Each structure stands twice: as structure tokens, then as C-alpha cells.
Amino acid sequence: MFRSFFLSRRWMPWSVLGTLLILAATWYRVQLDVQINEWFGTFYDLVQKALSTPGSITLPQYWQQLSTFLSIAMIYITVAVLVDFFVKHYVFRWRQAMNDYYMAFWPKLRTIEGAAQRVQEDTMRFARIVESLGVELMRSLMTLAAFLPILWGLSDKITSIPVIGSIPHSLVWVSIGWALFGTILLAATGVLLPGLEFNNQRVEAAYRKELVYGEDHADRATPAVAASLFQHVRRNYFRLFFHYLYFDVVKWSYLQVSVLVPLIAMGPTIAAGVITLGVMQQIARAFDKVTESFQYLVLSWGTIVELISVYKRLRAFERRIHDEPLDDALPGTAEA
């Protein structure tokens, strides 16, 4: 899954140089986020001044602030569009590398259940998901490196935190604690999902395979057999829906409450009137950025579940290539 792309001379320009380009562009986008955060402070301080003291600012000053934001936003959009275009090619090259590697061993792999789907679909899904999770992980780390010092400094303006009281750099500790709580909460809530997702791929593959055989053989995919296989699909989907129901309740409740956390933390300081509107906006935005970085696993859990499922399916391929025994603990690896 990795060796065919990252350790191949043929794909070195894409795997190594392409990865470095994506990381550099990601870092640049984080720096643009920092500029936007600084703009929020300046702009809302200007708004507060205008509203509290009529006539204290001119309309050209107001337009100038909007123009500054627009110039940063246009650069951000341009970089985002170009990088997304490049990433599409990057992911396809990764898929092609895996496809070529697996097809070289097709005589060994063709007897594994759902072999065609694994080569045709799972290679693309694996490359896309790993690239997405990898970039998001690096983006989270880069955002943390950029915004943590900002939040660390802005926390000095906070006089007190409800319940906790006055502690140095309080918002940083609140952000870490809240993100850690969410990570543990959602990991515990969604612990059954990877197995269900993997089993879902197994029953789907078995149903699809029988239908394909039925296209060429009249004695295959009979109504009784097809109905039985589809019943397995139905049962697994309904179990999956149920488990995602309570998982989504916990996930969205946690994310919605997250909006209130910085406002609650700043409550005593806002009530005391010791910070400006611009500083409040900067603190709230920096807090959100830092918390989102710490919440990487929380925000990516659904994608990680899908990746685990795809990984297990492709891992069965690689076991067969290297003549290793197929792991009986992994459903969906039985020979046809």
C-alpha cells in the first residue's frame, strides 16, 4: 500500500516531491489563517471604536479593512484551488502504483473474495483517505504550531476562568482538556464502528459477486440465494445505522457545546470589561483553531473507520502476495 508508491523510483517525483509540495502549501495556508486572525482583531476594534464614538473613523478606513481581508482571501482561494487540483493527480498516481503492483500478482489474488473491487475501488479509496488524513494531520500540527503561541499570549488577558479561577495561560489548558475529553469520549462511543464497516464491505462483496456470476450462469443468483445474501447486507446496514445513531448524537452534541466553551471561559473577563471586541474575536478564533488541532481524532473518526476497513481488505491481498496465511480473524478474506 505504501511501498509501491513511496519506495518506487518511477513514482519518486510524485511521492516525495509531491508530498513536500502539499506540505509547503498547507503551511502557507496556515500562515494566511494567522493573517486573517490578526485582521479580525484590527477590524473589530475599529468597529467597536466606530459604534462607541460616532464619527471617530472614516468610511475609507472601513473600506480599507475590507479590502485587506479580500486580498488575503483571494490568495487563500487561489492556493486552495491549485493544491486541490494537484492532490487529485497525486492520489490517482498513488492508486496507479498500487494497481500496477497488485495486478502483477493477479493470478494469486483473483481467488480472494471481492478481488476485483479491491483492485478497482479500494486502491483509490485507500490513497484518497490516507492522503486526506495525512494532510489534515499535518495541517493540525502546523495550525497548532502557529496558533498555540498566539493563544498562549492572549490568555494573559483573561482575568479568571469559571470554576477554575485565575491560572496562567488558562485558555491553553482549557483547550487541551476539552479536546482530550472529546477524543476519549468519541473513541469510546465509536469503538464498534470499524468492525461493522469492515463486515459491511464483506457482505456487500459477497452479494455483488453472486450477482456478477448470475449474469453468465443461469443457476447462480437465484431469487432465494440473492434474497439470503441481501438479508445479510440489510442486517449489517441496520446494525451500522443504529451504532452511528448514538455516535452522531454524542459527536454533534460535543461539537455544538464546543462553540460555547471559549465564551464560557471568557465570561468573567467580558463581564469585567477588560478586553476589547477585537481581542475577544482574536481569542475566540485562536481558541477554536487550537482546539480543532487537538480534536484531530474527533473530527476524523468517521474517515478513520473507513480507512481501517479498506486497509484490512488490502492487507489480505498482501498476505496472499507474500504467501502468508490469511488471518481468520479478518472477515471477507475467504477464497471463492
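Only a predicted model underlies this, so the values are computations on that prediction, with no experimental measurement involved.

Quick notes on the rules
Residues numbered from 1 in each chain as written. Predicted model: local features only at pLDDT ≥ 70, side-chain atom pairs only at ≥ 80, totals over all residues. Heavy atoms only, no water. Helix = DSSP H or I, 4+ residues; strand = E, 2+ residues; numbered from the N terminus. Buried < 20%, exposed > 50% of the residue type's maximum accessible area, 1.4 Å probe, protein only. Contact = heavy atoms within 4.5 Å. Lys, Arg positive; Asp, Glu negative; His and termini not counted. Charge placed at Lys NZ, Arg CZ, Asp CG, Glu CD. Core = buried A, V, L, I, M, F, W, Y, C linked by side-chain atoms within 4.5 Å. Phe/Tyr/Trp six-rings, centres within 6.5 Å; stacked < 30°, edge-to-face > 60°. UniProt positions renumbered as here; feature names shortened; annotations may be inferred. Axes fitted to C-alpha atoms, helices over the stretch in contact; angles between N-to-C directions. Parallel < 35°, antiparallel > 145°, perpendicular 65-115°, else oblique. Nonpolar A, V, L, I, M, F, W, Y, C, P; charged D, E, K, R; others polar. pLDDT = per-residue confidence, 0-100. Expected span 1.5 Å × (residues − 1). Salt bridge = Lys/Arg side-chain N within 4 Å of Asp/Glu carboxyl O. Left-handed = near helix turned anticlockwise from the far one by under 90°. Patch = residues over 30% accessible without salt bridge, like charges linked within 9 Å, V, L, I, M, F, W, Y side chains within 5 Å. Areas by Shrake-Rupley, 256 points an atom, 1.4 Å probe, with all protein chains shown as cover. Bend = angle between axes of the 7 residues up to and from the residue.

Enquirer: Teacher, can you tell me more about the overall build of the protein here?
Expert: Of regular secondary structure, the protein possesses eleven helices and zero strands. Each helix and strand of the protein, placed in order from N terminus to C terminus, yields the pattern α-α-α-α-α-α-α-α-α-α-α. Considered along the principal axes of its C-alpha atoms, the protein spans approximately 85 × 45 × 35 Å. The buried share among the 336 residues of the protein stands at 44%. Partitioning the intrachain contacts of the protein with sequence separation of at least 6 by distance along the chain shows that 80% fall at a separation of at least 24. Charge centroids of the protein, computed over 30 positive and 27 negative side chains, lie 2 Å from each other.

Enquirer: Whenever I open this one, the nonpolar core confuses me. Can you help?
Expert: What tends to happen in soluble globular proteins is that the nonpolar side chains get buried as a cluster. Judged by nonpolar contacts, the single largest core of 35 residues is most densely connected at L151, L171, L193 and I283. When residues of this core are traced back to their parent elements, those giving at least two are α2 (12-52), α5 (115-154), α6 (170-189), α7 (193-216), α8 (223-265), α10 (277-294) and α11 (296-321). The residues contacting L193, other than those within four sequence positions of it, are L240, H243, Y244, F247, W301 and V305. Judged by nonpolar contacts, the second largest core, of 32 residues, contains V79, F126, F317 and I321.

Enquirer: Before we go on, may I ask you to explain the packing of aromatic side chains in this structure?
Expert: Each pair of aromatic rings is reported with the distance of its centres and the angle of its planes. The full count for this structure, using the stated rule, is 26 aromatic pairs. Judged by centre distance (6.4 Å) and plane angle (50°), the ring pair of F181 and Y254 falls under tilted. Of this pair, F181 sits in helix α6 while Y254 sits in helix α8, and the two are 73 residues apart along the sequence. Its relative accessible area of 43% is what places F181 among the partly exposed residues.

Enquirer: What should I look at first to understand the UniProt feature "transmembrane region" (unreviewed entry) in the protein in this one?
Expert: When the UniProt feature table is mapped onto this chain numbering, "transmembrane region" (unreviewed entry) sits at residues 66-87, 133-152, 172-193, 259-281 and 293-311. Spanning residues 133-152, this segment combines 100% helix with 0% strand, and its end C-alpha atoms are found 27 Å apart. In this annotation, residues 293-311 is assigned 95% helix and 0% strand; the end-to-end C-alpha distance for the span is 25 Å.

Enquirer: Please clarify how the packing of α5 against α6 should be interpreted in this entry.
Expert: When two helices pack together, you describe them by how their axes are tilted relative to each other and by the distance separating the axes. Between α5 and α6, the shortest axis-to-axis distance is 7 Å and the interhelical angle comes to 130°. When the axes of α5 and α6 are compared, the pair comes out oblique. Across from L148, L151 and W152 in α5, the residues of α6 making contact are L171, V172, W173 and S175. Across the contact of α5 with α6, the residue classes break down as six nonpolar, one polar and no charged.

Enquirer: Explanation requested: the confidence of the model for the protein in the structure shown.
Expert: Detailed reading of the predicted coordinates is not advisable wherever pLDDT is low. Here the protein averages 82 in pLDDT, while 96% of its residues score no lower than 70. Under a pLDDT of 50 for its full length, residues 328-336 has, in the predicted model, 19 contacts with residues more than four places off or in other chains.

Enquirer: Any chance you could explain the side chain of S170 here in plain terms?
Expert: Within the secondary structure layout, S170 lies in helix α6. Setting aside its immediate chain neighbours within four residues, S170 contacts S155, I158 and I161.

Enquirer: I keep staring at α6 and nothing clicks. Help me out?
Expert: Think of an α-helix as turning once every 3.6 residues; residues three or four places apart then point the same way. Here α6 contains 20 residues, and its C-alpha end-to-end distance of 29 Å stays within 8% of the 28 Å for a straight helix at 1.5 Å per residue. All of the buried residues along α6 are S170, L171, V172, V174, S175, W178, A179, G182, T183, L186 and T189. Buried residues in α6 make contact with α5, α8, α10 and α11.

Enquirer: In this structure, what is going on with the pattern of salt bridges? I would like to understand it.
Expert: Any two side chains of opposite charge can pair, on the condition that their charged atoms come close. Counted according to the given criterion, the structure contains five salt bridges. Through salt bridges that share partners, D33, R139, R285 and K289 make up one connected network.

Enquirer: Looking at this model, I keep getting lost on the packing of α6 against α10. Mind explaining?
Expert: In contact at an axis separation of 9 Å, α6 and α10 are set at 40° when each is read in the N-to-C sense. Relative to α10, the crossing made by α6 is right-handed. Note on element contacts: α10 touches α6 through I283, F287, V290, T291 and F294, opposite L171, V174, S175, I176, W178, A179 and T183. Looking at side-chain class alone, the contact of α6 with α10 contains nine nonpolar, three polar and no charged residues.

Enquirer: I would appreciate a short explanation of unusual backbone geometry in the present structure.
Expert: Of note, H169 is a non-glycine position whose phi angle comes to about 55°, a positive value. On the secondary structure map, H169 appears in the loop between α5 and α6. Taking relative accessible area as the criterion, H169 reaches 15% and is therefore assigned buried.

Enquirer: Please explain a nonpolar patch on the surface as it appears in this structure.
Expert: There is a patch of nonpolar side chains on the surface, built from W152, V163, I164, I167 and W173 and spanning about 550 Å² of accessible area. Relative to the helices and strands, I167 is located in the loop between α5 and α6.

Enquirer: Would you mind going over the environment of A97 with me for this structure?
Expert: With respect to the helices and strands, the residue A97 is situated in helix α3 (residues 59-103). Each C-alpha atom, one on A97 and one on R29, is 29 Å from the other, the two residues being 68 residues apart in sequence. Excluding anything up to four places from it in sequence, A97 contacts S4, F5 and W11.

Enquirer: Sorry if this is basic, but what is going on with α11 here?
Expert: Along its length, α11 shows its largest kink, about 55°, at G302. Two residues or fewer after α11 comes D323, characterised by a positive phi angle close to 55°.

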